[in-house]
Structures are given as C-alpha cells and as structure tokens.
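# Understanding the architecture of this molecule
Residues per chain, in single letters:
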Amino acid sequence: MAETSKEDRTEAATPRRIEKAREEGQVARSRELSTFIMLLAGIGGLWAMGGRLYDHLGSILERGLLFDRAQLFDTTLMLTTLASLSSAALLALVPFFTLMVVAALAAPTLLGGLVITLAAAAPRFSRLNPISGLGRLFSVQVLVELGKAVAKATLIGVVLYLFMHAHIGQLLGLPKLPPQQALVTLMALTAKACLMCTAVMIVVVGIDTPYQLWTYAKNLRMSKEEIRQEHKNSDGDPHLKARIRRLQQTRARRRMMSKVPKADVVVTNPSHFAVALSYRKEKDGAPRVVAKGADAVALRIREIAAEHRLPILEAPPLARALYFHVDLDRQIPTELYTVVAEVVAWAIRLKRVAVHGGPVPPMPANLNVPEGMDQPGRKRPTPEDPQTP
C-alpha cells in the first residue's frame, strides 16, 4: 500500500493513534517550558538557599586559602585536606543540585505527561541515511527552532542591555564600595537581571507551548483511510465477524432444536411460523417458549415434533402472537394466559390418551387471541418478562 501523503491527513488523531504514539515515546514537549522551569527553580533555589550556600562555601574557601606550612612537606596531608574541602563543598551543594534534578525530570511531564519507554532509544538505521539527514537539517521544524533561538537571544539581549543601561551608575560604582557591600550590591543586581530574563521567558513559553501542542497534533493527523483501517483492525474484519455471527446463530439454533423434544405442544401458522411450548408446573409459573422459528426453521421444528410424536396445533393467530411477542426461554405474557392454558391442557390430555387410551380430545377452536398481538410490534412489559424493552 502506498504511503499516505501529509496532504491527505486531515482528520484528528484517534485515541488509539495517540496511545500508540505515547508507547513509541512521541509526546508533546516544549524545550522553552523546560528551560523556564529549570531557570525558575534555579533562581528560587538560590534565593532560598543563598545565605546558607554563601556561609558554607565562604567558610570552605577561607579554609582552602589558609597557609599551612606542614602541607608543603606532607603530600598526604595536602590530599586529605583537598578531599575534606571537596566533600564539604559537595554536601553544601547537594540540596541545590537535588532541586535542579527534580526540576529537570518534572519539567517535561508538565506538557506531555510522564512517559517511560525504550522505543525511543531503539536503533533506527533510517537515521543514518544522509539524504534524510539533509532533509531534516533544512526542514521547516529546524528553521522554526532556529528562528526561535535567534528571537529569544535577541529579546534577552535587548532586556539585559536596557537593564545595564538603567543601572550603569551602580555597576561603575562597585569598585569604590567596600568588598562586602559591593558583593551584596552585585548579587542584588544579578537577581534583578535574572528576574527580568525570567519574565521574558514567560512570553517565550506562552508562544512556544501552544505551538508545540499544535505541531504535535498536526504530526499525528490521520487520513480517512487510516481511520477506517484502524476501526477495521480494532473492531475486526466484517467478513470474519459475519462468519462468527453465523456460527453463533447455528449453535444457538442447535441448542434450541435440542429442546423441542422436551416441549409439550407445538403451535404452527401452519407453514410460516412454529412455536414450541413447555410447561413444568413445579418450575414455571406459566408456559414457556422453548423454540420458535419461521420458514425453514419452522419446518425443522415441525419435523422434530413429528419425529417425537408431539402434539401439533394449527392456530395461526396464536402462533404469530407467540412468535412476535415472546422471546426464547421466556414465559408467556399475561394477555395470553387463557388461550395458551387451553392449548396446553389439550396437549396434556392428548398425551394421557396416547399412554392410557380413551377418547381423543377435540382440538381447541376459536382461540381468543387479544386484538393486535398477532402482528409484529412492541411487546408489553410484564412481571414475568423483565427484559422486555
């Protein structure tokens, strides 16, 4: 099958397509959002931990600059001191590093959620194709990313230039201040500059995030043929489903036919419909339809009934009423109690005559079927038939 062109992909991705893309590691991601979150976490961490870091690192620096004559003649002591200072510096920076690692892991999940898969790391030899590589190098996506990088750098550069121009007096006056005061002033100016860059990043993120979501949805678009194929694969081949349905109907018909010999009477149309009724006083409150069918199925019901010498009654209105208004293995509705009771009583008397002898009872005549029940239509709900619609 020819590959679907991008022009034909006009339909939104189905949930199955999105789920499959996630399994392959394809989710919406925004580098600008991740950069902004990490920048925000770094500034917040320095703001909250700055005093503690300043004290710890200042103390470590002071210890490192102390002159110890013994270290000049003892290499082991020198290495021990270096290891001690490095360990102290690392312990002081662990909370800040932990914050940055958490931010780096959590930032990508804000847009596309958490995805853990090895599919993205699987080797793809198509990436080694130089022609495809050149195509990706000059693709629209690369040009957009380049334009974003240039625009972001320009915007941040303009903001920093305006900031330095507004505080040029303070920056030039730093050498004239005492070291402690100069350091505090420089840190304050640096913090303000970082906050202004963060504000600029909010604008960048506000533009990039919707664009990445739109690009992600665009890349996952499907053609109408792909959607039809997906529905076919998920729902199953219609031909196979039809075959399964036929097999199920055949098996259900066989099970139904196996119940005909146990029926008490078969009511016919006489040729178009046939309904087998069974009544077990100890189990059923009313007679139950154990088999029914039309045309060929009705003929088979009559043949089985004849083979097992079951009473067969030709009563077209009653046969149609039972066929149209009573489901299989359901008791008859109250509207048909009287007429069916007459038929079942006749069948039971006929069976007794066949066993014990005696006069043959006359067939029921002028059976009073309620008006309209011999036509197809909506069945009235009854307590005995709770599944009636």
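The structure under discussion appears in the preceding block.
What counts and what doesn't
- Residues numbered from 1 in each chain as written.
- Predicted model: local features only at pLDDT ≥ 70, side-chain atom pairs only at ≥ 80, totals over all residues.
- Heavy atoms only, no water.
- Patch = residues over 30% accessible without salt bridge, like charges linked within 9 Å, V, L, I, M, F, W, Y side chains within 5 Å.
- Areas by Shrake-Rupley, 256 points an atom, 1.4 Å probe, with all protein chains shown as cover.
- Salt bridge = Lys/Arg side-chain N within 4 Å of Asp/Glu carboxyl O.
- Helix = DSSP H or I, 4+ residues; strand = E, 2+ residues; numbered from the N terminus.
- Buried < 20%, exposed > 50% of the residue type's maximum accessible area, 1.4 Å probe, protein only.
- Core = buried A, V, L, I, M, F, W, Y, C linked by side-chain atoms within 4.5 Å.
- Axes fitted to C-alpha atoms, helices over the stretch in contact; angles between N-to-C directions.
- Parallel < 35°, antiparallel > 145°, perpendicular 65-115°, else oblique.
- Left-handed = near helix turned anticlockwise from the far one by under 90°.
- Contact = heavy atoms within 4.5 Å.
- Nonpolar A, V, L, I, M, F, W, Y, C, P; charged D, E, K, R; others polar.
- Pairing = 2+ DSSP bridges.
- Phe/Tyr/Trp six-rings, centres within 6.5 Å; stacked < 30°, edge-to-face > 60°.
- Polar contact = N/O pair within 3.5 Å; in protein donor to acceptor, adjacent residues only side chain to side chain.
- Expected span 1.5 Å × (residues − 1).

Turning our attention to a nonpolar patch on the surface. On the surface, Leu-90, Leu-91, Val-94 and Phe-97 cluster together into a nonpolar patch covering about 380 Å² of accessible area. Along the chain, Val-94 falls in helix α4 (residues 75-106). Judged by relative accessible area, which is 36%, Val-94 ranks as partly exposed.

Enumeration over the complete set of coordinates arrives at 9 salt bridges. The shortest N-O distance in the salt bridge between Arg-16 and Glu-19 comes to 3.9 Å. Residue Arg-16 and its partner Glu-19 are located together in helix α1 (residues 15-23), separated by 3 residues, close to a single helical turn. Lys-152 is the partner of Glu-32 in a salt bridge, and the nearest nitrogen-oxygen pair spans 2.9 Å. In this pair, Glu-32 sits in helix α2 (residues 31-65) while Lys-152 sits in helix α7 (residues 140-166), placing the two residues 120 residues apart along the sequence.

In terms of nonpolar packing, the biggest core is built from 24 residues, with Val-267, Leu-277, Leu-318, Leu-322, Leu-336 and Val-340 touching the most fellow members. By residue number, the principal contributor to this core is helix α14 (residues 337-356), which donates 6 residues. Within the second largest apolar cluster, 15 residues are counted, among which are Val-260, Ala-263, Val-266 and Ile-304.

This brings us to the packing of α7 against helix α9 (residues 179-219). At a minimum axis separation of 10 Å, α7 and α9 run at an interaxial angle of 155 degrees. The orientation of α7 relative to α9 falls into the category roughly antiparallel. Seen along the crossing, α7 lies across α9 with a hand that is right-handed. Every residue of α9 that contacts α7 at Gln-141, Val-144, Glu-145, Lys-148, Lys-152, Leu-155, Ile-156, Val-159, Leu-160 and Phe-163 is listed here: Leu-189, Lys-192, Ala-193, Met-196, Cys-197, Val-200, Met-201, Val-204, Asp-208, Tyr-211, Gln-212 and Thr-215. Residues belonging to the contact of α7 with α9 are distributed by class as follows: 14 nonpolar, 3 polar and 5 charged.

Positionally, Leu-91 belongs in helix α4. In this structure the C-alpha to C-alpha distance between Leu-91 and His-56, which are 35 residues apart in sequence, comes to 9.5 Å.

A few words on the sheet that holds strand β1 (residues 265-268). Pairing is mixed across the open sheet formed by 4 strands, whose spatial order is β3-β2-β1-β4. Two strands bound the open sheet, and with one partner strand each, they are β3 (288-294) and β4 (312-314). The mean inter-strand angle of the sheet, taken between neighbouring strand axes irrespective of direction, is 20 degrees. Across the face of the sheet, helix α12 (residues 296-307) comes into contact with β1, β2 (273-278), β3 and β4 while running at roughly 125 degrees to β3.

For the rest of this paragraph, the subject is the packing of aromatic side chains. For the structure on display, the rule yields 5 aromatic pairs. Each ring, one from Tyr-211 and one from Trp-214, has its centre 6.2 Å from the other, and the planes form 35 degrees; the classification is tilted. Highlighted residues: Tyr-211 and Trp-214, both in helix α9, separated by 3 residues, approximately one helical turn. A relative accessible area of 46% places Trp-214 in the partly exposed class. Seen from their ring centres, Phe-273 and Tyr-323 are 4.6 Å apart, and the 45 degrees between their planes marks the pair as tilted. Separated by 50 residues along the polypeptide, Phe-273 in strand β2 and Tyr-323 in helix α13 (residues 316-325) bring together distant segments of the chain. The partly exposed category is assigned to Tyr-323, whose relative accessible area is 24%. Aromatic ring contacts, followed pair by pair, group Phe-273, Tyr-323 and Phe-324 into a single cluster.

With that out of the way, let us pick up the packing of α2 against α4. It is at 10 Å that the axes of α2 and α4 come closest, and there the two elements cross at 175 degrees. Our classification of the angle between α2 and α4 gives roughly antiparallel. By residue class, the composition of the contact of α2 with α4 is 19 nonpolar, 5 polar and 2 charged.

In this structure, Ser-278 sits in strand β2. On the basis of relative accessible area, Ser-278 is assigned to the buried category, the value being 9%. Polar side-chain contacts of Ser-278 include one of 3.2 Å to the side chain of Arg-280. If we ignore the near neighbours within four places in the chain, the residues touching Ser-278 are Lys-262, Ala-263, Asp-264, Asp-284, Pro-287, Arg-288 and Val-290.

What follows covers unusual backbone geometry. Even without being a glycine, Asp-295 presents a positive backbone phi close to 55 degrees. Inspection of the secondary structure puts Asp-295 in the loop between β3 and α12. Looking at Asp-295, the relative accessible area reads 48%, which means it is partly exposed. Backbone geometry places Asp-329, a non-glycine residue, at a positive phi of 60 degrees.

Given 3.6 residues per turn, any residue in an α-helix points the same way as the ones three and four places further on. Between the first and last C-alpha of α7 there are 39 Å, a value that for 27 residues agrees with the 39 Å anticipated at 1.5 Å per step. Those residues of α7 not exposed but buried are Lys-148, Lys-152, Val-159 and Phe-163. On its buried face, α7 is in contact with α2 and α9.

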